[in-house]
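# Residue-level structure breakdown
Read off the chains here:
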Amino acid sequence: MLTLNCGIATLREWQRGDEDAVVTVADNPNVSRYMRDTFPSPYTHDDAAAWIARNEAAEQDTHFAIVLDGRVVGGVGFVLHQAERRIVADIGYWLGEPFWGRGIATAACSAVTAYAFEQYELRRIEAPVYAPNVASRRVLEKCGYECEGIMRSAVIKKGEVLDAHLYAKIRCP
Ligand SMILES: CC(C)(COP(=O)(O)OP(=O)(O)OC[C@H]1O[C@@H](n2cnc3c(N)ncnc32)[C@H](O)[C@@H]1OP(=O)(O)O)[C@@H](O)C(=O)NCCC(=O)NCCS
């Protein structure tokens, strides 16, 4: 099984048996609040099973469970773009609320950024972050991502129209 050590936690492939742990940490409106709508809320056991099955079937290892002291506490991963954008990936991460504020997302994002640049012919990794998500913007800044601009009125979450800050990191030559 592919495992990445990010110091504070271990990142490993998703596996069957993670479902209950995922629901425990992911089924929280504070977690889904600034995630894409593809992150379910409420987050059910079926949602967790579908996510794990999808990753088991995937040809590439691009999504990882964040494991702390043997417990799944969140997820981190990237989506590879296609065609003329094949040099670009989108990164994302989330953690159960009790685990916020300990530097875990920064360590996980940093390790996965390095892994993605090592394993794929990427020139750029990006993340659009919804404006109120200050913690996530800070995570990206700590990982060396730069804010390239603000996409105004880019998304609607719970009836509220939000700007999105576009962060990106370019491969070092
Ligand atoms: C965003 C998230 C992943 C951050 O995880 P985390 O492990 O708490 O992040 P870290 O501890 O590595 O770093 C958070 C940084 O944001 C800062 N921060 C947190 N809340 C903040 C706020 N309201 N205002 C300013 N800074 C804030 C912290 O102080 C820390 O920065 P520092 O190290 O310079 O002090 C976590 O809050 C989460 O899972 N949120 C829900 C899912 C989500 O929004 N994912 C990202 C979608 S783009």
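Residues numbered from 1 in each chain as written. Predicted model: local features only at pLDDT ≥ 70, side-chain atom pairs only at ≥ 80, totals over all residues.

Turning our attention to the overall build of the protein. When helices and strands are tallied, the protein shows five helices and eight strands. Taken over the C-alpha trace, the protein has a radius of gyration of 15 Å; the compact-globule value for 173 residues is 16 Å, and the two agree within 12%. Overall size of the protein, expressed as C-alpha extent along the three principal axes, is 40 × 40 × 30 Å. Each of the 173 residues in the protein was classed as buried or not, and the buried ones make up 31%. In the protein, the share of contacts with a sequence separation of at least 24, taken over all contacts with a separation of at least 6, comes to 60%. (Helix = DSSP H or I, 4+ residues; strand = E, 2+ residues; numbered from the N terminus. Rg over C-alpha atoms; globule rule 2.2 N^0.38 Å. Buried ≥ 20, exposed ≤ 12 C-beta atoms within 10 Å, placed from the backbone. Contact = placed C-beta atoms within 7 Å.)

Not every one of the 21 residues close to the ligand is listed here, only the nearest: W100, A105, T106, A135 and R138. A per-element tally of the shell around the ligand places helix α5 (residues 134-142) first, with five residues. Residue composition of the shell around the ligand, grouped by class: 13 nonpolar, six polar and two charged. (Near = placed C-beta within 6 Å. Nonpolar A, V, L, I, M, F, W, Y, C, P; charged D, E, K, R; others polar.)

Structurally, E84 is set in the loop between β4 (71-80) and β5 (88-95). Note on E84: 7 C-beta atoms within 10 Å, which makes it exposed. Placed 47 residues apart in sequence, E84 and D37 show a C-alpha to C-alpha distance of 26 Å.

Looking now at the sheet that holds strand β7 (residues 146-157). The strand order across the open sheet built from eight strands is β1-β2-β3-β4-β5-β6-β8-β7, with neighbouring strands paired in mixed fashion. Looking at strand neighbours, the two that pair on one side only are β1 (3-5) and β7, the edges of this open sheet. Strand after strand, the sheet turns through a mean of 25 degrees between neighbouring axes, direction not considered. Direction of pairing for strand β6 (residues 124-130) relative to strand β8 (residues 160-170): antiparallel, over a ladder of seven bridges. (Pairing = 2+ DSSP bridges. Axes fitted to C-alpha atoms, helices over the stretch in contact; angles between N-to-C directions.)

Turning to helix α4 (residues 104-119), a few remarks are in order. For α4, spanning 16 residues, the distance from its first C-alpha to its last is 22 Å, which sits close to the expected 22 Å at 1.5 Å a residue. Buried within α4 are the following residues: I104, A105, A107, A108, C109, A111, V112 and T113. (Expected span 1.5 Å × (residues − 1).)

Let us look at helix α3 (residues 45-57). In this model α3 runs 18 Å from its N-terminal to its C-terminal C-alpha over 13 residues, within 8% of the 18 Å that 1.5 Å per residue would give. Along α3, the residues that are buried comprise A48, W51, I52 and N55. Down the axis of α3, the smallest arc covering the buried residues is 95 degrees, so these residues share one side. Opposite the buried face of α3, at more than 90 degrees from it, the exposed residues are D46, A53, R54 and A57. Buried residues along α3 sit in contact with β2 (10-13), α1 (19-26) and β3 (63-68). (Arc of directions from axis to C-beta.)

Two strands pair when backbone bridges link them, and β5 and β6 are joined in this way by three bridges, in the parallel orientation. The residue bridging V88 from the neighbouring strand is R124, located in β6.

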